[in-house]
Amino acid sequence: DIMLSQKVSKLIHAGTTELPATSEKTNGVKTTKVKPMTWSDMFEELKKYKETHGNCAVPVKCPSHKHLAFWVQKQRRQYREMKKGRSTQMTAERSDLLTGLGFVWKVYEDNWHEML
């Protein structure tokens, strides 16, 4: 979706998440370089996850997607804070992008309705 990608690229990259990127030896000591992950990087990861799994409900118990699952939880938490009028990194534009992707804001409510 070109329009969605253009919106993501225009987002203000407030805050970063860090992930280990590479390991190398310096003077015989193994070090890990850290690559900062922006909000849009994580959004792109969520898009890939949805393409593979068909939804945005990333389980915390899945070790291969643990970092993404914590980011998803953080987005829900920040969304609730934004709705309460508190200061947060969540913006209306970000919440619109996530909603457009099929993001579930209230997991338990959606799961409850599916069980009926």
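Residues take numbers from 1 onward in each chain, read along the sequence in its written order. Reporting of local features is limited, given that this is a predicted model, to residues whose pLDDT is at least 70; pairs of side-chain atoms are given and counted only at 80 or more, and all residues count toward the totals for whole chains, interfaces and linings. Note that water and hydrogens are dropped before the side-chain values are worked out from all heavy atoms of the structure.

As a further point, take the pattern of salt bridges. The rule for a salt bridge is simple: a side-chain nitrogen of Lys or Arg has to be within 4 Å of a carboxyl oxygen of Asp or Glu. Following the criterion strictly, the structure yields 3 salt bridges and no others. For Arg86, the salt bridge goes to Glu81, with nearest N and O atoms at 3.1 Å.

On to helix H4 (residues 92-101). Burial classes follow relative accessibility: with a 1.4 Å probe on protein chains only, a residue under 20% of its type's maximum area counts as buried, one over 50% as exposed, and anything between as partly exposed. Secondary structure follows DSSP: runs of H or I at least 4 residues long count as helices, runs of E at least 2 residues long count as strands, and numbering of each begins at the N terminus. For H4, the set of buried residues is Arg94, Ser95, Leu97, Leu98 and Leu101. Projected onto a plane normal to the axis of H4, the buried residues spread over an arc of 160 degrees and lie on a single side. More than 90 degrees from the buried face of H4, the exposed residues found are Asp96 and Gly100. Immediately downstream of H4, the backbone of Gly102 shows phi near 100 degrees, a positive value. Working note: the arc is built from the helix axis to C-beta atom directions.

This next bit is on the side chain of Gln78. Looking at the secondary structure, you find Gln78 in helix H3 (residues 66-83). The class for Gln78 is buried, based on a relative accessible area of 11%.

The subject of this paragraph is the layout of surface pockets. Leftover empty space is mapped by rolling, across the atoms, a probe with the size of a water molecule. Here the term cavity refers to a set of points on a 1 Å grid, laid over the protein atoms alone, in which a 1.4 Å probe fits but cannot get out; the term pocket refers to an open set having protein on both sides within 12 Å along at least five of seven lines, with lining residues being those that place an atom within 4 Å of a point. Grid points are joined across faces, edges and corners, and a volume is the space filled by probe spheres set on the points. In this structure, the second largest pocket occupies an estimated 180 Å³ of space. Contributing to the lining of the second largest pocket are 13 residues, with Glu45, Ser64, His65, His67 and Leu68 lying nearest its centre. Element by element, the count of residues in the lining of the second largest pocket is highest for helix H2 (residues 39-53), at 6 residues. Split by residue class, the lining of the second largest pocket holds 5 nonpolar, 5 polar and 3 charged. Gly is placed with the polar residues, together with every amino acid not listed as nonpolar (Ala, Val, Leu, Ile, Met, Phe, Trp, Tyr, Cys and Pro) or charged (Asp, Glu, Lys and Arg).

Function cannot be inferred from these measures alone, as they are strictly geometric.
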